[in-house]
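Spelled out from the first residue to the last, the chains are:
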Amino acid sequence: MPDTSLSDFLALAPAAILVEIEAVKGSSPREAGTFMLVSQEALWETIGGGQFEYMAIDHARAMLRTGAAEDRMDIPLGPEIGQCCGGRTLLRFRRVTVELAAALKARLKGEAEQQPAVFIFGAGHVGKALAEALSLLPLTVTVVETRENELRDLSTGVASVLTPVPEAIVAKIPANGAAIIVTHDHALDFLIAREALARDDLAYVGMIGSKTKRATFAHWLEREGEPPSRLAKLILPIGGYGVRDKRPAIIAALVAAELLQAFSAETHRNENQHGHPQDQDHA
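Because the structure is predicted, anything quoted here is derived from the model rather than measured. (Residues numbered from 1 in each chain as written. Predicted model: local features only at pLDDT ≥ 70, side-chain atom pairs only at ≥ 80, totals over all residues. Heavy atoms only, no water.)

### So, the environment of valine 98
At step 1: Locating valine 98 in the fold gives a position in helix α3 (residues 98-113).
At step 2: For valine 98, a relative accessible area of 69% puts it in the exposed group. (Helix = DSSP H or I, 4+ residues; strand = E, 2+ residues; numbered from the N terminus. Buried < 20%, exposed > 50% of the residue type's maximum accessible area, 1.4 Å probe, protein only.)

### Focus: the environment of valine 19
At step 1: By the secondary structure assignment, valine 19 is in strand β1 (residues 17-25).
At step 2: Judged by its relative accessible area of 0%, valine 19 falls in the buried class.
At step 3: For valine 19 and proline 164, which are 145 residues apart along the polypeptide, the C-alpha to C-alpha distance reads 48 Å.
At step 4: Not counting residues up to four positions away in its chain, the partners in contact with valine 19 are Thr34, Phe35, Met36, Val38, Ile47, Ala56, Ala60, Leu91, Arg92 and Phe93. (Contact = heavy atoms within 4.5 Å.)

### Here's the deal with the packing of aromatic side chains
How two aromatic rings sit relative to each other is set out by the distance from centre to centre and by the angle between their planes.
At step 1: In total, this model carries four aromatic pairs according to the counting rule given.
At step 2: Plain terms: the ring middles of phenylalanine 190 and tryptophan 220 are 5.7 Å apart, the flat faces sit at 45 degrees to each other, and that makes the pair tilted. One end of the pair, phenylalanine 190, is in helix α5 (residues 186-197); the other, tryptophan 220, is in helix α6 (residues 211-223), with 30 residues separating them in the sequence. Neither phenylalanine 190 nor tryptophan 220 differs from the other in exposure class; each is buried.
At step 3: Among the aromatic residues, ring-to-ring pairing joins Phe190, Phe217 and Trp220 into one connected group.
At step 4: Lying across the ring of tyrosine 241, lysine 211 places its NZ or CZ 5.2 Å from the centre. (Phe/Tyr/Trp six-rings, centres within 6.5 Å; stacked < 30°, edge-to-face > 60°. Lys NZ or Arg CZ within 6 Å of the ring centre and 35° of its normal.)

### Comments concerning the pairing of strand β7 (residues 140-145)
It is a general feature of regular strands that their side chains alternate between the two faces of the sheet.
At step 1: In terms of residue burial, β7 counts as a mostly covered element, since five of its six residues are buried.
At step 2: Pairing geometry for strand β6 (residues 117-121) and β7, over five bridges, is parallel. The residue of β7 that forms the bridge with isoleucine 120 is valine 143.
At step 3: Following the chain from β6 across helix α4 (residues 125-134) to the adjacent parallel β7, one finds a crossover that is right-handed.
At step 4: In this sheet, strand β8 (residues 159-162) lies alongside β7 in parallel orientation, the contact comprising four bridges. Within β8, the position partnered with glutamate 145 by the bridge is leucine 162. (Pairing = 2+ DSSP bridges. Right-handed = clockwise from strand over helix to strand, strands pointing away.)

### What to know about the sheet that holds strand β5 (residues 88-95)
At step 1: The strand order β3-β2-β1-β5-β4 describes an open sheet built from five strands, whose pairing is antiparallel. Strands at the two margins of the open sheet, each flanked by one partner only, are β3 (43-44) and β4 (70-76).
At step 2: Relative to β5, helix α2 (residues 50-66) is tilted by about 25 degrees, and along the sheet it contacts β1, β2 (35-38), β3, β4 and β5. (Axes fitted to C-alpha atoms, helices over the stretch in contact; angles between N-to-C directions.)

### Observations regarding the sheet that holds strand β10 (residues 204-207)
At step 1: What the six strands build is an open sheet, ordered β8-β7-β6-β9-β10-β11; its pairing is parallel. The open sheet has two edge strands, β8 and β11 (234-235), and neither has a second partner.

### Looking at the packing of α5 against α6
At step 1: Where α5 contacts α6, the axes come no closer than 11 Å and their chain directions differ by 65 degrees. The element α5 and its partner α6 pack so that their crossing is right-handed. Residues His186, Asp189, Phe190, Leu191, Ala193, Arg194 and Leu197 of α5 pack against Lys213, Thr216, Phe217 and Trp220 of α6.
At step 2: Counted by class, the contact of α5 with α6 contains six nonpolar, two polar and three charged residues. (Left-handed = near helix turned anticlockwise from the far one by under 90°. Nonpolar A, V, L, I, M, F, W, Y, C, P; charged D, E, K, R; others polar.)

The values reported here are purely geometric and, on their own, carry no functional implication.
Shown next as structure tokens:
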């Protein structure tokens, strides 16, 4: 049930086991705190797949049959179970109660509120492709448009703003968020970009275009009296030059990768500033 919400899953499967990675030693497919739900017939989310997840599912379903309320498993992620991560995971199993379900919903709500915010300015072909691609990621996505008809049929979970002055919406982007500028009008692109580049707390500011558009924007900034240093923060063109394919879905995939890298870099900067560097090892 990949597209089912937690509430929907529990409504369909009231008897379920919470499987959570309680601790990790060495390399593992997912980090501590990752969880999934297991019922006799269905699954919600994943703890990383592979043989150790199959073992966890079997154990959870055995608990459902026997009525056990809680248990733990310490699983080595090595050749003995057909995996090559090399670490160990301690799994905690708990039968889902009303109280535990409420705690899980509160946790997911809190995590959603902490997700990076991405504002896509423009809902043309590229804007819609971006909204669709980014809606699958742990991001809060908002599309801003001047044309009402272009805001129809956005992906589920994507917010929209209809405004005649999209550049004014830049001020509403949360700190450490992103502005992606893909409108139908170069002049409007420039107005939005100027507002976004004036902020020093955005993780990513990107604009669709070319080397020529970047040069034109640089001249425009100069005429507007903006400091040349601001241009350095602008990703233009979005998606880079490595893949010469201008189909909207391809551009969206490339920009999604750029965004994730930008948000990861911002997270590491913040952690280092607060004295909490992390070294994440993936299997």
